[in-house]
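What the coordinates show
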Amino acid sequence: MTQKLLTFVQDIARLLEQKPSESILLAEGKKLVATLVSSPEWLPEAFRKPHPAHYQQYLLYADPLDCLSIVSFVWGPGQTTPVHDHLTWGIVGGLVGEEREVTYRQRSDGGYSPSGEGVLRPGEVTAVSPTIGDVHSVANNLSDQVSISIHVYGANIGRVRRHVFDPQTGAARSFVSGYSNDMTPNLWSGVAA
Ligand code: FE2
């Protein structure tokens, strides 16, 4: 682990130890993530590799009690997620390139409509949670280069059984994302909680 990432893990662990309200956690956590993504050189090459067909989610750290995980998202040109939820708080920081987020709000008929859109550039941060808005889609905003963002969650996100949605009908399909770096024995990957 690089020193900058270790410092971040220590700082956010200290913040979580205080059991702050979600609003304080997100406000203070955003500052810590902004510091982490203020420069990109700390992220090792193994966690920057795109895949030609789909985005990559590399686990950087997960605590033993599933209260925190840190993931490097690597987007090839044009790659995108479906509309999905997280069921926990999450803070996202832009590291390289540009990440585009579209947030969704559920309609009275059960479907989902776009409620906002934004572009995350290096050093910028945003957040999701069931309280402030948990349903979105995310994509590489660049059509000709790789983008990378760092995602921090209040659970072991690769093990959380959550949902992708058909925005037209609201139909939900449950999924467990796992992680892309499953090539080594990894306590935190691929097992649904
Ligand atoms: Fe997401």
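Below, the structure is looked at part by part. (Residues numbered from 1 in each chain as written. Predicted model: local features only at pLDDT ≥ 70, side-chain atom pairs only at ≥ 80, totals over all residues. Heavy atoms only, no water.)

Tracing the chain through its elements places threonine 2 in the segment before α1 (3-17). Classification of threonine 2 as partly exposed rests on a relative accessible area of 24%. Each C-alpha atom of the pair threonine 2 and lysine 30 lies 20 Å from the other, and the pair is 28 residues apart in sequence. In this structure threonine 2 touches Trp42 and Pro44, once residues within four positions along its chain are discounted. (Helix = DSSP H or I, 4+ residues; strand = E, 2+ residues; numbered from the N terminus. Buried < 20%, exposed > 50% of the residue type's maximum accessible area, 1.4 Å probe, protein only. Contact = heavy atoms within 4.5 Å.)

Right, let's get into α1. Taking 1.5 Å as the rise per residue, α1 with 15 residues should run 21 Å; its terminal C-alpha atoms sit 21 Å apart, in good agreement. All of the buried residues in α1 are Leu5, Phe8, Val9, Ile12 and Leu15. End-on, the buried residues of α1 take up no more than an arc of 130 degrees, which puts them together on one face. Looking at α1, the residues exposed on the side facing more than 90 degrees away from the buried face are Gln3 and Glu17. Next to the buried residues of α1 lie α2 (22-36), β1 (56-62), β2 (69-75) and β9 (147-153). (Expected span 1.5 Å × (residues − 1). Arc of directions from axis to C-beta.)

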